[in-house]
Amino acid sequence: MNCYLVTLGCPKNEVDSEMMAELLAEAGHRFVERPDDADILIVNTCGFIHDAREESYDTLKELARGKLPHQALVAAGCLAQRDCDGLCRRVPQVDAVIGTRSWSEIVSVVEGLNQQRRGVRRAVRDQGDLVASVRRHAHTGQTAYVKIADGCDAGCAFCAIPLIKGPQASKPPEAILREATELLAQGVRELVLIAQDTTAYGRDLGMADGLPALLRRLAEIAPEESWLRILYAYPQHISDDLIATMAALPQVCHYLDLPLQHGHPAVLRRMRRPHDLAMIHDRIGALRAAMPDIALRSTFIVGFPGETEQEFDALLALLEEIEFDHVGVFSYSRERGTPAAEMPGQVPQSVAARRHEEAMLTQQEISLRRNREQIGRELPALIEGVGEGLTVARSYRDAPEIDGMILIEGEHAAPGFVRVRITRAQPYDLVGEIVEPSEPA
Ligand code: SF4
């Protein structure tokens, strides 16, 4: 059968889509570029916050409107897991629903639809097949996401992820190593490790501090001229062993994404997040002491229930104090079923929007300052694409899809690593020139 697959949401969803695509391809199904050419339309939805849900509904409805009589529409992913009934009500043309932990059933669902196109089959289950050893193609070219765990035990007051995905379930190291070996053999140069909290990796498997041990094992199979990148760290789980391991292994990017969510201890307490700012400063200090060139990313929420002007000012002050290289700012989204949704003092949207803009503008100046410090440096960078007289590359300082780029004049088509001298800085991107094709130091 011909399948048309749309992926919405975060890199974790992309990994699930790649797995589903791989399973379907192995079962002899093909992928097409246009919905009209498909027998099966699949949307891997995102249900994280309101805007993401609406985008998922819009995509499903658009495909439902153009659905041809022989076609079936499948909703997979977070939104399908979180609100199967609501989804079927809002988009009644959906023929099958697959939750986040049952993507491995995609082939039987798709083939079942071929047999019987009526009724809605539901495959939302609590337990999934995280260990499934399926070959993955490097759909993202030189970069591939590797999901090392799914689900979360943290219970942040604003977050619906634990409701959608349940508690953390880590992939056994052997399964991750197998997947990484296959990806590297396919020519992938950068493995991006993801989970809801990568630094909690292995706790459910009985490991006290599983991530450094996993990095050491990955470094045994990854060539020195490759990158291992860690996203979504939880501040208080950043152990001394993790920092030492990141500093010691040449493959591990001196880069860490550690979402802090706020800069005032009272808001952090209400968020049910780590609120000991001294501990946060200590961990960031330790990271910078061990890796002076480390690039740090964080995310923050403005407009959390009860956030006062004084608390918001503390967030701005924290941004100035820590000087992250990259920051994402989100306006609080009231998520049904979460403790924060019932909290008093919900902040008007207009106030949250103003704070969002102010935080973004504050960070823009900081990011520009940090980027200017790069001028004159020579950095290894992965070529990401060429066109219109430009080459786009990315250094260890930038995670794919979320951070900035290095823009280089001229079209240098060869993929792989080059060495780039940074000549100019912008708030988000850098401008550079290729010094020589190279492998990363
Ligand atoms: S750690 Fe992340 S995924 Fe887990 S509950 Fe908190 S915000 Fe949600």
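Residues numbered from 1 in each chain as written. Predicted model: local features only at pLDDT ≥ 70, side-chain atom pairs only at ≥ 80, totals over all residues. Heavy atoms only, no water.

To continue, consider the nonpolar core. Within the largest apolar cluster, 52 residues are counted, with the highest numbers of intra-cluster contacts made by Leu 215, Met 246 and Leu 256. It is helix α12 (residues 309-322) that provides the largest number of residues to this core, a total of 6 residues. Apart from residues no more than four positions distant in its own chain, Leu 215 is found in contact with Leu 193, Leu 228, Ile 230, Leu 242, Thr 245, Met 246, Leu 249 and Val 252. Ile 42, Leu 231, Tyr 255 and Val 418 belong to the second-largest nonpolar core, a separate cluster that totals 44 residues. (Core = buried A, V, L, I, M, F, W, Y, C linked by side-chain atoms within 4.5 Å. Buried < 20%, exposed > 50% of the residue type's maximum accessible area, 1.4 Å probe, protein only. Helix = DSSP H or I, 4+ residues; strand = E, 2+ residues; numbered from the N terminus. Contact = heavy atoms within 4.5 Å.)

Glancing now at the packing of aromatic side chains. For the structure shown, the criterion picks out 4 aromatic pairs. A centroid spacing of 6.4 Å and a plane angle of 85° characterise the contact between Phe 158 and Phe 304, whose relative ring orientation is edge-to-face. Here Phe 158, found in the loop between β8 (149-150) and α6 (161-165), pairs with Phe 304, found in the loop between β13 (295-302) and α12; they are 146 residues apart in sequence, far enough to count as distant. Take Phe 158: its relative accessible area is 9%, and that puts it in the buried class. Taking relative accessible area as the criterion, Phe 304 reaches 0% and is therefore assigned buried. Plain terms: the ring middles of Trp 227 and Phe 417 are 4.9 Å apart, the flat faces sit at 70° to each other, and that makes the pair edge-to-face. With Trp 227 in strand β11 (residues 227-230) and Phe 417 in strand β18 (residues 417-425), this pair connects stretches of sequence that are 190 residues apart. Comparing Trp 227 with Phe 417 shows no difference in burial state: the two are buried. (Phe/Tyr/Trp six-rings, centres within 6.5 Å; stacked < 30°, edge-to-face > 60°.)

Attention shifts here to the domain arrangement of the protein. What the domain assignment reports for the protein is domain 1 (2-123), domain 2 (143-372) and domain 3 (378-437). Centre-to-centre, using C-alpha coordinates, domain 1 lies 35 Å away from domain 3. (Domains from an automatic or database assignment.)

In this section: unusual backbone geometry. Phi at Glu 323 is positive, roughly 55°, even though this residue is not glycine. Turning to its location among the elements, Glu 323 is positioned in the loop between α12 and β14 (326-331).

With that out of the way, let us pick up a negative patch on the surface. On the surface, Asp 51, Glu 55, Asp 58 and Glu 62 cluster together into a negatively charged patch. Assignment of secondary structure puts Asp 51 in helix α2 (residues 50-65). (Patch = residues over 30% accessible without salt bridge, like charges linked within 9 Å, V, L, I, M, F, W, Y side chains within 5 Å. Areas by Shrake-Rupley, 256 points an atom, 1.4 Å probe, with all protein chains shown as cover. Salt bridge = Lys/Arg side-chain N within 4 Å of Asp/Glu carboxyl O. Lys, Arg positive; Asp, Glu negative; His and termini not counted. Charge placed at Lys NZ, Arg CZ, Asp CG, Glu CD.)

The next point concerns the pairing of strand β7 (residues 143-147). Counted residue by residue, β7 has 5 buried out of 5 residues, so it is predominantly covered. Alternating residues of β7 divide into Thr 143, Tyr 145 and Lys 147 and Ala 144 and Val 146, and every residue in both groups is buried. Alignment of β7 against strand β10 (residues 190-194), held across 5 bridges, turns out to be parallel. By the bridge assignment for β10, Thr 143 is matched with Glu 190. (Pairing = 2+ DSSP bridges.)

Contacts to the ligand come from Cys 152, Ala 154, Gly 155, Cys 156, Phe 158, Cys 159, Ile 161, Pro 162, Gln 196, Tyr 234 and Arg 273. For the shell around the ligand, the per-class residue count stands at 8 nonpolar, 2 polar and 1 charged. (Near = heavy atom within 4 Å. Nonpolar A, V, L, I, M, F, W, Y, C, P; charged D, E, K, R; others polar.)

What follows concerns the environment of Gly 210. Mapped onto the elements of the fold, Gly 210 is located in helix α8 (residues 210-221). On the accessibility criterion, Gly 210 (3% relative accessible area) is buried.

As a further point, take the packing of helix α7 (residues 173-185) against α8. With their axes 10 Å apart at the nearest point, α7 and α8 run at an angle of 30° to one another. For the crossing formed where α7 meets α8, the hand is right-handed. On α8, the residues touching Pro 173, Glu 174, Ile 176, Leu 177, Ala 180, Thr 181 and Leu 184 of α7 are Leu 214, Arg 217, Leu 218 and Ile 221. (Axes fitted to C-alpha atoms, helices over the stretch in contact; angles between N-to-C directions. Left-handed = near helix turned anticlockwise from the far one by under 90°.)

As a further point, take the sheet that holds β11. Here we have 6 strands laid out as an open sheet, ordered β7-β10-β11-β12-β13-β14, and parallel in their pairing. Looking along the sheet, the strands with just one partner apiece sit at the ends: β7 and β14. On average, adjacent strands in this sheet sit at an angle of 20° to one another, irrespective of strand direction. Sheet analysis places strand β12 (residues 252-257) next to β13, joined by 3 bridges and oriented parallel. Considered in β13, the bridge of Tyr 255 is made with Ala 295. Contacts from α12 reach β13 and β14, with the element oriented near 170° to β13. Of the strands in this sheet, β13 and β14 are in contact with helix α13 (residues 349-372), which crosses β14 at around 175°.

On to the pairing of strand β17 (residues 406-409), then. Of the two faces of β17, the one holding Ile 406 and Ile 408 is buried and the one holding Leu 407 and Glu 409 is not buried anywhere. Here strand β16 (residues 390-395) pairs with β17 via 4 bridges, running antiparallel. Residue Thr 391 lies in a different strand from β17, and its bridge partner there is Ile 408.

For the structure on display, the rule yields 30 salt bridges. For the salt bridge of Asp 150 with Lys 165, the shortest nitrogen-to-oxygen distance reads 3.4 Å. One end of the pair, Asp 150, is in strand β8; the other, Lys 165, is in helix α6, with 15 residues separating them in the sequence. In terms of burial, Asp 150 and Lys 165 fall into one category: buried. Between Arg 297 and Asp 403 there is a salt bridge, with the nearest N and O atoms lying 2.6 Å from each other. Remark: Asp 403 occurs in the loop between β16 and β17 and Arg 297 occurs in strand β13; sequence separation between them is 106 residues. Linked by salt bridges that have partners in common, Glu 307, Glu 309, Arg 354, Arg 355 and Glu 358 make up one network.

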